[in-house]
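A look at the structure
Here's the letter readout for the chains.
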Amino acid sequence: MDIIYFDNAASSWPKPRLVSQKVAEAIQEYGANPGRGGHQLSMRASKVIYKTRVKLAQLFGIQNPNDIFFTMNATMSLNMAIKGLLKNGDHVITTTLEHNSVRRPLEYMKKVHGVEITYIKPEKNGFIIEEFKKAIKQNTRLIAVSHASNLTGMIAPIKEIGLMAREYNIPFLVDGSQSVGILPIDVKEMNISLLGFPGHKGLYGPQGTGALYVHPDLQLEPLLHGGTGSHSELIEQPETRPDRFESGTLNTPGIAGLLAGVEFVLNLGVEEIRNKEWELTTYTLSKFEDLPGVEVYGPNREKERVAVISFNLIGMDASEVAYILDQEYGIAVRSGFHCTPLGHETSGTAETGAVRISYGYFNTKEQVDQLIIAIRDIQEAMLEG
Ligand SMILES: Cc1ncc(COP(=O)(O)O)c(C=O)c1O
């Protein structure tokens, strides 16, 4: 049975062929430590890493590639941003749709450092910008918002929030986990001060890759301290970027694969990817509308969202539906609470969880048709059973 993979919001798969080739090439042909030696192999590794920074900078309108720091995943990037910026008594505005990788570090900072948090809840079809404005206090030090929800696909009005953040001179952190490579992002135009993102989702890189962009004027404490291959005589972490935020040996093979993924996205263009995913999303939503007994969460059908759709079959447990889809139809989806318990409260699925399908560039309408047939079968079997 061929697998139909509808779990791209967790990690994209399959990857463009060049991604695994470039990972293998890095291991086999120049497996040296980047930035730690002046020899040819080390220089080759360093060049690949720098080129990846340059391509990421191109994708997000970032002026200086050295303001991008490589991490292991979005979680690490978001922790670096939140813990590096906030101090005792600061106030943060965030939303009820955040992933645990934003919410947990914030709640940690609340417990240990007395940081205050205001959660903004969206309406059914989106956020009201005034709610963010009303929440601003004198000690507001950060606004942290996920560009797109990993539960319902809802897109936040990043540009408007960014404008407001600039007006009040408050740093603006965007979690780009569900939007990088999928929605256009320009850090300057959107006034994004910090962008945390994974390499292994919409950028089609390998797992174990991610990055954080930090505006050059923003001072951040590093989360990790250690060897950077530079200024080794200093006891303290060097000030220069990116070294200040990249202690320890980087994941050169992963970053080499990420470079191939980012080039894939740049060559196709984000618009082309977005159009394809949007087409699959609206196609699925219209098919779901014709199916009785399917409850879909999130914004109305005509509203923009990324290619993430959460639903339940009335009368059935979400995990059972996911299990049957996987075992009997070879369709890989995710069920449960998707690391966002507050998001489920917001969607009214705190008790039940939901089944989530999420598309990538390689999915097709034919695969969606197979999902719809499988759901019909499952519903019929339930009624008969
Ligand atoms: C919105 C959002 N933020 C953060 C993350 C964490 O990403 P990572 O697994 O790369 O740490 C995810 C992962 O699903 C996500 O969907």
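Provided above is the structure to which this section pertains.
None of these values were measured; they are calculated from a predicted model.

Reading the values: rules and limits
- Throughout this document, residue positions are counted from 1 along each chain, in the order its sequence is written.
- Side-chain atom pairs in this predicted model are given and counted only at pLDDT of 80 or more, local residue features only at pLDDT of at least 70, and totals for whole chains, interfaces and linings cover all residues.
- Water and hydrogen atoms were dropped before computing side-chain values, which therefore reflect all heavy atoms in the structure.
- Strands are runs of DSSP state E lasting at least 2 residues, helices are runs of H or I lasting at least 4, and numbering of each runs from the N terminus.
- Exposed residues in this analysis have more than 50% of their type's maximum accessible area, buried residues have under 20%, and partly exposed residues fall in between, with area computed by a 1.4 Å probe over protein chains only.
- Here, expected helix span is obtained from the residue count minus one, scaled by 1.5 Å.
- Our arc is simply the arc of the directions from the helix axis toward the C-beta atoms.

All right, on to unusual backbone geometry then. With omega at 0 degrees, the peptide bond leading from Trp13 into Pro14 counts as cis. With respect to the element layout, Pro14 can be found in the loop between strand 1 (4-5) and helix 1 (17-29). A cis amide bond, omega 0 degrees, links Arg241 with the succeeding residue Pro242. Within the secondary structure layout, Pro242 lies in the loop between strand 8 (210-214) and helix 7 (252-268). Within the chain, Tyr204 stands out as a residue other than glycine whose phi angle is a positive 60 degrees. Tracing the backbone through its elements, the reader meets Tyr204 in the loop between strand 7 (194-198) and strand 8. Among the residues examined, Tyr204 registers a relative accessible area of 2% and is labelled buried.

In this section: helix 9 (residues 318-329). Along its twelve residues, helix 9 runs 16 Å from first to last C-alpha, staying within 8% of the 16 Å computed at 1.5 Å per residue. Residues of helix 9 that are buried: Ala318, Val321, Ala322, Ile324 and Leu325. All buried residues of helix 9 lie within an arc of 160 degrees about the axis, which places them on one face of the element. Of the exposed residues in helix 9, those oriented more than 90 degrees away from the buried face are Tyr323 and Glu328.

That's the geometry; what it means functionally is another story.
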